Amino acid sequence: MTTASAISGFDPDLAALPAVAYHLDFSQHAAEVPQHVHRKGQLILALHGAVTCRARDEIWIGPPDCGIWIPGGVAHSARTTDNARLNYLFVEPGAAPLPQECCTLSISPMIRAMVERLAREGGDYPPEGHAARMARVLLDELAEMPREQFNLPISSDPKIRLIADALTLDPSDRRTLGEWARHVAMSESSLARLMLRETGLSFGRWRQQLHLIVALRELASGTAVQNVASELGYESVNAFITMFKKALGSTPAQYFAARRNGSKDRSP
C-alpha cells in the first residue's frame, strides 16, 4: 500500500493564528518528506522514534527532549523512522522572539504537553479564548528554551557534499581523510583545510558528529546498541559506547533514561 506524504493533508500557512499544532503518525505516511517551505516557522517534536531534517546545508536531529526549529521561509526536507510519531508546531512570523536560523531547542515537559493539547484544537480555534491564551503562554515559554548542538554542517561545496552524501548513506565507511582526498582528487592537506573552512570541524570531528546523529536517530527508534555499533562500523560495542560517552557524557542507556525522566543534565 502506498502511503501519503506527510505534507499533503494540510497547509499550516492558511491559519492566521499565532500558533497551530498538528500530530502525525508516520505509520500512516511516507517516512521521507521532500523539500518544501512554509511561511510560518516550524517546531518538530518527536514523541516516539526520531526525525532528521536537512536545511541550509546542515542536518538536524531532534532527540527525545529536544525539538528542531526551522524559521519561516527556509526550505527543508525531513526523514523519520518508520515508528515515528511527531507533533508539529507552526508559528506565525513575529509572534514570538524565536531564532532566525535553524537550531535544536531543548524542550520542557510542559511545552510538550501544551503542544499536544494545542494539536487537539486544530487550525481554526477562536482567536480569543482558552486555546489562544494557551498558545500565547506556549510561545512565551518556547522563546526561553536553550539551544542544543545536534546538527551536522554539510556545506554546498561539491566535494564536501559528495563525501557527506556517501557517509550519510553508509556511515560505516571507514576511509581515512587521505583516502577521501584521493577520491575527490585533492591533496590530504587541501581537503583538511576545505573541510575545516566549510564545516568548522576537522574531518574526524565531523565524522564523529555524523555518527552521533545516526546513533541518536537509530537508538530512539528502538534499534539495539549492538546493531547501531555495527551499522557505524565500530569493531566492538564497547568502542561505540566509549565514543558516545565521551561526546555526550553518558552511555546510551543512561542518556535515554535521563531524557525519559526529564533530566537536563547533559553536555553534547
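Please read these numbers as outputs of a predicted model, since none were measured by experiment.

Peer 1: Explain the packing of aromatic side chains to me, using residue names and the numbers behind them.
Peer 2: Enumeration according to the criterion identifies 6 aromatic pairs in this entry. Measuring from centroid to centroid gives 6.0 Å for tyrosine 22 and phenylalanine 90, while their planes differ by 70°, and the two rings are edge-to-face. Of this pair, tyrosine 22 sits in strand S1 (residues 19-25) while phenylalanine 90 is found in strand S8 (residues 85-91), placing the two residues 68 residues apart along the sequence. Exposure remark for tyrosine 22: the relative accessible area of 18% places this residue in the buried category. Here the aromatic rings of tyrosine 234 and phenylalanine 240 are separated by 5.7 Å at their centres, their planes lie at 65°, and the arrangement is edge-to-face. Like tyrosine 234, the residue phenylalanine 240 is buried in the burial classification. Taken together, the ring pairs connect Tyr234, Phe240, Phe244, Tyr255 and Phe256 into an aromatic cluster. When the ring centre of tyrosine 234 is taken as origin, the NZ or CZ atom of arginine 174, which lies over that ring, is 4.6 Å away.

Peer 1: Explain the sheet that holds strand S7 (residues 76-80) to me, using residue names and the numbers behind them.
Peer 2: Each strand in a sheet pairs with another by means of backbone hydrogen bonds, the pair being arranged parallel or else antiparallel. Spatial strand order, S2-S7-S4-S5-S11: 5 strands in an open sheet with antiparallel pairing. Strands with a single pairing partner mark the edges of an open sheet, and in this sheet they are strand S2 (32-36) and strand S11 (151-153). In this sheet, neighbouring strand axes are inclined to one another by 15° on average, regardless of whether the strands run parallel or antiparallel. Taken together, the 3 bridges between strand S5 (residues 58-61) and S11 define a ladder with antiparallel strand orientation. From the neighbouring strand, glutamate 58 faces S11, where its bridge partner is proline 153. Packing against the sheet, helix H6 (residues 203-220) makes contact with strand S4 (51-55), S5 and S11, and its axis sits at approximately 140° to S11.

What counts, and where the lines are drawn
- Residues numbered from 1 in each chain as written.
- Predicted model: local features only at pLDDT ≥ 70, side-chain atom pairs only at ≥ 80, totals over all residues.
- Heavy atoms only, no water.
- Phe/Tyr/Trp six-rings, centres within 6.5 Å; stacked < 30°, edge-to-face > 60°.
- Helix = DSSP H or I, 4+ residues; strand = E, 2+ residues; numbered from the N terminus.
- Buried < 20%, exposed > 50% of the residue type's maximum accessible area, 1.4 Å probe, protein only.
- Lys NZ or Arg CZ within 6 Å of the ring centre and 35° of its normal.
- Pairing = 2+ DSSP bridges.
- Axes fitted to C-alpha atoms, helices over the stretch in contact; angles between N-to-C directions.
- Contact = heavy atoms within 4.5 Å.

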